Amino acid sequence: AFETMEMALPVVEENAVSKSIRGYMFDADKDVDAVRFSRVDTPNGFPEWVFHETQSGIGASDEDSSCVEILRRGICRELAKCPISHIGSDEPDEGNEGLSEERESTQRYELSLGRKFRAVIDDLSYDPKNIENWMVLSECLGFKADIICDRLVRENDPYDTSDFCPPMNATKSLAARSLDKLHEIQSSEYTRRNWHPFIGKDLSAYMQYPWSNLNSLRDCSKHVESSLSPVSESGHESETVDLQIWREIETIFEKGEYTSWANAWAGMFVTALRTMRMKALRVARYLAKKKLGKMHPSEVCEDIGTALYGDLMASTVYGFPMQRMSNHEKRAIAEGTKYYFEEAIELSKSVDYASDSKTESWEVQFMIGKCCEKIASTLREEIYPTDDCPKRRIYETMMTEAIQNYSAALRDAQKVEKAGGGQDNKNGGSSHGSREVLYRLHATRFKVLLSAIRQAADDFGLAEIEACRISSTSWFDDSNKLQTSDDDVRLKTWDLYVDCVQGLASCRKGISYFHRAAYRLAQALLWAPAFHDPRFCFHEGSIESIPPFKRGRISKLDKDSFAECAASVIGSLFDKKRSHLVAVWVTTSAAPPPFEVLNDSVRKYDALRLKYIKAFIDTMVLCKRRDKIETFLSWAVSSSQDIPGFYEASAMTFQGGNPGNSLLSGSGFLTKVQRAAMIALAKMVL
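All of the points below concern the structure found in this document. In this text, all values refer to a predicted model and were calculated from it rather than measured experimentally.

1. Considerations on the overall build of the protein
Scanning the protein from terminus to terminus reveals 29 helices and two strands. Counting the 686 residues in the protein, one finds 56% classified as buried. Sequence separation of at least 24 residues holds for 76% of the intrachain contacts in the protein that already meet a minimum separation of 6. Total accessible area computed for the protein in this model is approximately 30,100 Å², and 50% of it derives from carbon and sulfur atoms.

2. Things to note about the side chain of Glu373
Tracing the sequence through the fold places Glu373 in helix α15 (residues 361–377). Reaching out from Glu373, the side chain makes a polar contact with the side chain of Lys447 at a distance of 3.3 Å. The residues contacting Glu373, other than those within four sequence positions of it, are Met399, Ala402, Tyr406, Arg440, Thr444 and Lys447.

3. Here we look at unusual backbone geometry
Trans is the prevailing form of peptide bonds, just as negative phi is the prevailing case for residues other than glycine. Note that the residue after Phe320, namely Pro321, is joined by a cis bond; omega there is -10°. Here Pro321 is to be found in the loop between β1 (316–317) and β2 (323–324). At Leu581, a position not held by glycine, the phi torsion is positive, near 75°. The phi torsion at Lys624 lies on the positive side, around 55°, for a residue other than glycine. Relative to the helices and strands, Lys624 is located in the loop between α25 (602–622) and α26 (626–637).

4. Overview of the packing of aromatic side chains
One pass over the structure, following the stated rule, counts 26 aromatic pairs. With a centroid separation of 6.0 Å and 50° between ring planes, the pair formed by Tyr159 and Phe164 is classed as tilted. Across the pair, Phe164 and Tyr159 agree in class, each one buried. With a centroid separation of 5.2 Å and 85° between ring planes, the pair formed by Phe366 and Phe595 is classed as edge-to-face. Residue Phe366 is found in helix α15, and its partner Phe595 is found in helix α24 (residues 594–599); the two are separated by 229 residues along the sequence.

5. Details of the packing of helix α5 (residues 101–124) against helix α27 (residues 643–652)
At a closest axis distance of 11 Å, the pairing of α5 and α27 adopts a crossing angle of 105°. Relative to α27, the element α5 lies roughly perpendicular. Contacts between α5 and α27 involve Glu102, Arg103 and Thr106 from the former and Ile643, Phe646, Tyr647, Ser650 and Ala651 from the latter. Here the residues of the contact of α5 with α27 are counted per class, giving four nonpolar, two polar and two charged.

6. Quick look at the side chain of Asn156
Following the sequence through the fold, Asn156 ends up in the loop between α6 (131–149) and α7 (161–164). Residue classification places Asn156 among the buried positions, given a relative accessible area of 12%. A distance of 2.8 Å separates a polar atom in the side chain of Asn156 from a polar atom in the side chain of Arg324. In contact with Asn156, not counting residues within four places along its chain, are Ala314, Ser315, Thr316 and Arg324.

7. As for helix α17 (residues 434–453)
Compared with the 28 Å implied by 1.5 Å per residue over 20 residues, the 29 Å span of α17 between its first and last C-alpha is a close match. Most of α17 is tucked away, with 19 of its 20 residues classed as buried.

8. What to know about the nonpolar core
General note: in soluble globular proteins, nonpolar side chains tend to be found buried as a group. Counting 199 residues, the largest nonpolar core has Met25, Trp134, Trp265 and Tyr497 as the members making the most contacts within it. Per element, the largest residue contribution to this core is 20 residues, and it comes from helix α12 (residues 258–289). With sequence-adjacent residues up to four places away left out, Met25 is seen in contact with Ile121, Trp134, Leu137, Leu141, Leu203, Met276, Lys279 and Ala280.

9. Structural notes on the environment of Ile87
Structurally, Ile87 is set in the loop between α4 (63–81) and α5. In contact with Ile87, other than residues within four places in its own chain, are Ser105, Thr106, Tyr109 and Arg151.

Calculation notes
Residues numbered from 1 in each chain as written. Predicted model: local features only at pLDDT ≥ 70, side-chain atom pairs only at ≥ 80, totals over all residues. Heavy atoms only, no water. Helix = DSSP H or I, 4+ residues; strand = E, 2+ residues; numbered from the N terminus. Buried < 20%, exposed > 50% of the residue type's maximum accessible area, 1.4 Å probe, protein only. Contact = heavy atoms within 4.5 Å. Areas by Shrake-Rupley, 256 points an atom, 1.4 Å probe, with all protein chains shown as cover. Polar contact = N/O pair within 3.5 Å; in protein donor to acceptor, adjacent residues only side chain to side chain. Phe/Tyr/Trp six-rings, centres within 6.5 Å; stacked < 30°, edge-to-face > 60°. Axes fitted to C-alpha atoms, helices over the stretch in contact; angles between N-to-C directions. Parallel < 35°, antiparallel > 145°, perpendicular 65-115°, else oblique. Nonpolar A, V, L, I, M, F, W, Y, C, P; charged D, E, K, R; others polar. Expected span 1.5 Å × (residues − 1). Core = buried A, V, L, I, M, F, W, Y, C linked by side-chain atoms within 4.5 Å.

Functional significance is not addressed by these values, which are geometric in nature.
Next up, the structure:
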C-alpha cells in the first residue's frame with residue numbers, strides 16, 4: 001500500500017543530500033581495495049557535510065508542497081522500517097516469463113531486496129545519521145551477493161585426496177624461502193592485469209536488475225552498454241576499457257555459451273554489491289564511533305569482520321574473469337578481518353558508549369583464531385630458523401596465536417554455557433557452542449602436526465620441533481604430556497597426536513552427527529602409521545605395524561586396519577539413505593554469531609557435503625567395499641539436483657541452447673559426486 005501511495009506522489013527534483021549519498025554508494029571507482037582495506041574512521045569519499053545539513057523538505061516552497069513532502073517522508077520511513085523478506089516468502093507473480101520455480105522465486109527475492117534498498121536510501125536522504133538504515137542497506141546488498149554466489153558452481157575443489165589419505169608415494173614439501181623473498185614472490189603473483197571488478201559508470205544497475213532471470217540480465221547488459229562510450233567523455237581510460245570488456249562478454253553470449261556469459265556477469269554483480277556493502281558498513285562504523293546512533297560500534301565492527309571473512313570463502317576472486325585467490329590477497333583480507341574483530345572486542349569493553357554491546361567476546365575471539373590460521377597458511381613456505389637466523393617463523397607465531405585464541409574462546413564459552421546462556425544444537429549444523437570451539441582447537445593442533453610430518457627430509461627435524469612447540473600450547477588431557485620427556489621429539493609428537501585424537505573423539509560424544517569431527521577424526525586415524533614413522537605410510541596395512549603400547553592409547557584403533565578404523569567413523573555420516581546424501585544440515589540460531597552466519601549458505605553446505613562424500617568414497621576404496629560405493633551411487637542418482645548445478649544446466653537452454661550431457665559437461669555438486677563414485681568403481685573393477 002505504501003509503495004502504491006509513493007507512486008501516486010508527484011515527481012520532484014532530488015535534493016543535494018540524496019544526490020551525495022547516492023553518488024557515494026554508486027561510485028564505480030575500480031580501486032575496490034581502497035574500500036575493503038581502509039581502516040580509518042572516516043569513509044573514503046563520503047560527503048560528511050550531509051550529517052550537519054538541516055533537512056526541511058525537498059523543494060518545499062509553499063504549503064501544498066510541504067504537505068506532500070511530509071507525506072513523502074512518512075512513506076519513506078514506513079517502507080524503510082519494513083523487515084527484509086526471506087527468499088520464497090513473497091507470493092508468486094502471475095507473469096513469470098516462463099521461468100522455473102527456482103529462478104522465479106529468486107528473481108522475486110532480488111526485486112524485493114531492490115525495493116527495500118531504494119526505500120532505505122530514500123529515507124537516508126531525510127535522516128543520514130540513521131545508523132540502523134545504513135546497516136539494513138548493507139544487509140540488502142550482502143543478501144543479494146550471497147544468493148548469487150550460492151548459485152554459482154564452485155571451481156576450487158574443497159577436497160584433496162592426498163591430504164585425507166596418506167599417498168603411497170608422497171610428495172614432500174620443502175620450506176626454502178626467506179620471509180622477504182616469499183613476500184616478494186607472492187606480491188609479484190598478485191596482479192590485477194586483465195581483471196576487472198565490474199563495468200559501468202555507476203553501480204546502481206547491479207542492485208536494480210535481477211541476475212537470476214536471464215532476460216533481465218540481458219536488459220542489465222544493454223543498460224550498462226548504453227552508459228559507455230567508445231570515447232571517454234571524462235578522460236578516464238577505464239570508461240573505454242569497460243566497453244572493451246562489455247564486448248568481450250557479449251561475444252561469449254553470441255557464441256551461445258550462456259552459462260559462461262551469466263557467470264561473467266555474476267562475478268561483477270558480486271564484486272559491485274560487496275563493494276557497496278562495505279561502503280555502507282563503513283558509514284555505520286563512523287556514526288557508531290562518533291556516538292551518532294543507537295548501535296554500539298563493536299557490533300558494526302563485528303559485521304565488517306564477518307563480511308570480510310566471507311570474501312575468503314572458496315578462495316575465489318569475483319569480478320571478471322573470476323579467478324583463484326592468491327596468497328598475497330588472502331593474507332591481506334585475513335589481516336583486515338582480524339583487525340576489525342579485534343577492534344570489536346576492544347570496543348565492547350569500552351565504557352564510553354551509552355548503549356550496551358551485544359558482542360559476545362568468545363565468538364569473536366574464535367573468529368580471530370581462524371584469521372590467524374588463514375594468515376599462517378600463506379606463509380608456510382618460509383625457511384625454518386637456523387643458528388645464523390634463530391628467529392621463529394611467522395607461521396609459528398600466527399598458529400600459536402590461533403591456538404591461544406581458541407583456548408581463550410573455549411574457556412569463556414564454557415563459562416557462558418555453565419551460566420545457562422549457551423546452546424548446543426544436537427543436529428549436524430554449526431550451532432554447537434563450546435563444542436565447536438573445542439573441535440577447532442584440537443583440529444588445528446592436529447593440522448600443525450600433520451603439516452610437519454609431510455615436510456621433506458631436509459626440513460623434517462626442524463618442522464617437527466616447531467610443530468611440537470605450537471601444539472603443546474594447549475592440551476586436551478594434561479596426563480598425555482607426562483608420557484614422555486621433551487627431549488624425545490618423536491615420542492612427544494605421538495603424545496600430541498594421541499591428545500588431538502582424543503580431543504576430536506570427545507567432540508562426537510553425545511553428538512554422533514558432529515560432521516566436522518567425524519571427518520577430521522577419520523583423517524587422523526588414516527595418518528596414524530605416518531605419525532608413528534613418517535618414513536612410511538601403511539594406511540592399507542595392519543594396525544600391528546604400530547607397537548601395542550602406542551596404539552593402545554587410542555580407543556578408535558580397534559579394527560584390523562587403519563582404513564577400517566577410519567571407515568567406521570566417516571561411515572557414520574552415511575548410515576542411511578538421505579535426500580541430501582550425507583548427515584549435514586544448515587542450522588541457524590535466532591542471533592547467529594559470525595561463524596554461523598558464514599556457514600549458513602548453500603555454497604558452504606555443498607562444499608562440506610562434497611568433501612565428506614569424497615572422503616567416504618576414498619575410504620571405501622581403501623577398504624575394498626565396492627558394495628558401499630554402489631549403494632551410495634544409487635542414492636546419488638535418485639537425489640535432487642543441486643541449485644548451482646540447476647542454474648548451470650538451465651542457462652545452457654536459454655534461447656534454445658543445447659544442454660548437452662550434464663554428467664560429462666556439467667560441474668555442479670551432484671555431477672561431481674556421481675563422477676567421483678563412478679571413477680572409484682572403475683578403478684576397483686580394473
